[in-house]
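Here are the chains, one letter per residue:
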Amino acid sequence: MKHAIVIAQTTVDDEDGAAALARGAVENRLAACAHIDPALTAVYRWRGRVESAQEWRVSYKTTEDRLPELEAWVGENHAYAVPQWIVLPVTGGSESYLSWVAEETRPN
């Protein structure tokens, strides 16, 4: 596999916010695409208490090269003080799809 592709994920507490984060990253060529998962329930510890909330997960398909810029952009545009940010390596896949991700994230 010649392309270093990753899937980066964050969550947000509002569907419109998820859509804005997804669209903005793609418009800025920081991700080739972004998927928004339907609402899910998150259970987490925050400031010493167990909380639960409805969240939407945004999964970005991007390259390792574009990842630092995507992370910075999401951090600047995210509503959370401490947004989730995890990165999953893509260890295989269709060469045509992986090439498309690489092409669509290439800066203008």
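Note that the coordinates shown come from a computational prediction; the quantities given were computed from them, not determined experimentally.

(A) Fine view of the pairing of strand β4 (residues 49-63). In this sheet, β4 lies alongside strand β1 (residues 5-12) in antiparallel orientation, the contact comprising eight bridges. Within the sheet, the bridge partner assigned to valine 12 lies in β4 and is tryptophan 56. Where strand β2 (residues 33-36) and β4 come together, four bridges link them in antiparallel fashion. What sits directly across from histidine 35, in β4, is serine 59. Sheet analysis places strand β3 (residues 40-46) next to β4, joined by seven bridges and oriented antiparallel. Following the sheet pairing, valine 43 is matched in β4 by serine 52.

(B) Region of the structure containing helix α2 (residues 67-77). Inspection of α2 places Leu67, Leu70, Trp73 and Val74 among the buried residues, and these make up the whole buried set. What you see down the axis of α2 is that its buried residues fit within an arc of 125°, all on one side. In α2, the exposed positions that point more than 90 degrees away from the buried face belong to Pro68 and Glu76. Of the surrounding secondary structure, the elements contacted by the buried residues of α2 are β1, α1 (15-27), β4 and β5 (86-89).

(C) Up close: a negative patch on the surface. A cluster of acidic residues, Asp13, Asp14, Glu15 and Asp16, forms a negative patch at the surface. With respect to the secondary-structure elements, aspartate 16 resides in helix α1.

Reading the values: rules and limits
- Residues numbered from 1 in each chain as written.
- Predicted model: local features only at pLDDT ≥ 70, side-chain atom pairs only at ≥ 80, totals over all residues.
- Heavy atoms only, no water.
- Pairing = 2+ DSSP bridges.
- Helix = DSSP H or I, 4+ residues; strand = E, 2+ residues; numbered from the N terminus.
- Buried < 20%, exposed > 50% of the residue type's maximum accessible area, 1.4 Å probe, protein only.
- Arc of directions from axis to C-beta.
- Contact = heavy atoms within 4.5 Å.
- Patch = residues over 30% accessible without salt bridge, like charges linked within 9 Å, V, L, I, M, F, W, Y side chains within 5 Å.
- Areas by Shrake-Rupley, 256 points an atom, 1.4 Å probe, with all protein chains shown as cover.
- Salt bridge = Lys/Arg side-chain N within 4 Å of Asp/Glu carboxyl O.
- Lys, Arg positive; Asp, Glu negative; His and termini not counted.
- Charge placed at Lys NZ, Arg CZ, Asp CG, Glu CD.

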